Amino acid sequence: MKYRSVFDIIGPVMVGPSSSHTAGAVRIGLIARELFNGKPDHIDIYLYGSFMETYKGHGTDVALVGGILGYDTDDDRIKTSLQTAEENGIDVNFIEMFEERSHPNTAIISMRNKEMEISVEGISIGGGKVEIVAINGFRIAISGNYPALLVFHKDTFGTIGKVTNVFGDNRINVGSMQVARKEKGDLALMTCELDDDISDEILEQIRVIDGVQTVSLMGES
């Protein structure tokens, strides 16, 4: 494994005893917050493996909720995030899941309000690093280290090519790209990790492409 800085080795500045169980959990919550882009009324958090076994002792519960509330890994408010969520009328439930997952530090965050609902599955892989492995049941891989474009679209010929043409026309470099679909001709999800942020104008160019349903940019600065 290659490290880009000493902080990749010693882990992030954080509140809590464990980079995997605390800092990583915060980052999963932060990414879920960005994807939801609003205030949830109800949150169900499904915990697997080591997260399920030690979530109270290692502060994984308050870390996940703290991330959803927008707190970073070194924010002291993480410690009282459950109380803050309750004060803001957010119902939070933790569900212990005994089935095995591909990674022992796995959480699925399901959030909803009257306008929308989303399910985000994340894993904490150590040193505060995380991966998002599923959104609304679509299997993906997003590190959270770069801006990520998410395009829900109809699984039809030419749609992906039109999106990549927008990238080429605007000199946007794509670090990684994935396309997932549940069935042929059904809804599909295209995820692209980008080297740089993209403007609202470029997002609009993608939104108006035939077959594109929703477009969101995660992790912009």
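Quick caveat: nothing in here was measured; it's all calculated off a predicted structure.

What follows concerns the confidence of the model for the protein chain. For the protein chain, per-residue confidence averages 86 on the pLDDT scale, and 89% of positions sit at 70 or higher. Taken as a whole, residues 1-14 scores under 50 in pLDDT and shows 18 contacts with residues more than four places along the chain or in a different chain.

With that settled, the discussion passes to the sheet that holds strand β3 (residues 105-112). The mixed open sheet is built from 6 strands, whose spatial order is β2-β1-β3-β4-β5-β6. Across the chains shown, the open sheet's two edge strands, defined by having one partner strand only, are β2 (91-97) and β6 (138-142). Taking the axes of each pair of neighbouring strands and ignoring which way they run, one obtains an average angle of 20° across the sheet. Taken together, the 7 bridges between strand β1 (residues 42-48) and β2 define a ladder with parallel strand orientation. For I45, the partnering residue across the bridge sits in β2 and is F94. Along the sheet, helix α4 (residues 60-68) makes contact with β1, β2 and β3, crossing β1 at roughly 140°.

In this section: α4. Among the 9 residues that make up α4, 9 are buried, leaving the element largely enclosed by the rest of the structure. Inspection of α4 places T60, D61, V62, A63, L64, V65, G66, G67 and I68 among the buried residues, and these make up the whole buried set. The first or second residue beyond α4 is G70, which carries a positive phi of 100°.

As a further point, take the pattern of salt bridges. Under the defined criterion, the tally for this structure stands at 7 salt bridges. Among the salt bridges present, the one from R112 reaches D44, with a minimum N-O distance of 4.0 Å. Linking R112 in strand β3 with D44 in strand β1, this pair joins segments that are 68 residues apart in sequence. The partly exposed category is assigned to R112, whose relative accessible area is 34%. Overall, D44 belongs to the buried group, its relative accessible area being 13%. Put simply, E99 and R101 hold a salt bridge, and the shortest N to O gap is 3.2 Å. You can call E99 partly exposed: its relative accessible area is 43%. With relative accessibility at 30%, the residue R101 sits in the partly exposed group. Bridged by salt links that share partners, the residues E99, R101, E121 and R139 form one connected network.

So, how was this worked out
Residues numbered from 1 in each chain as written. Predicted model: local features only at pLDDT ≥ 70, side-chain atom pairs only at ≥ 80, totals over all residues. Heavy atoms only, no water. pLDDT = per-residue confidence, 0-100. Contact = heavy atoms within 4.5 Å. Pairing = 2+ DSSP bridges. Helix = DSSP H or I, 4+ residues; strand = E, 2+ residues; numbered from the N terminus. Axes fitted to C-alpha atoms, helices over the stretch in contact; angles between N-to-C directions. Buried < 20%, exposed > 50% of the residue type's maximum accessible area, 1.4 Å probe, protein only. Salt bridge = Lys/Arg side-chain N within 4 Å of Asp/Glu carboxyl O.

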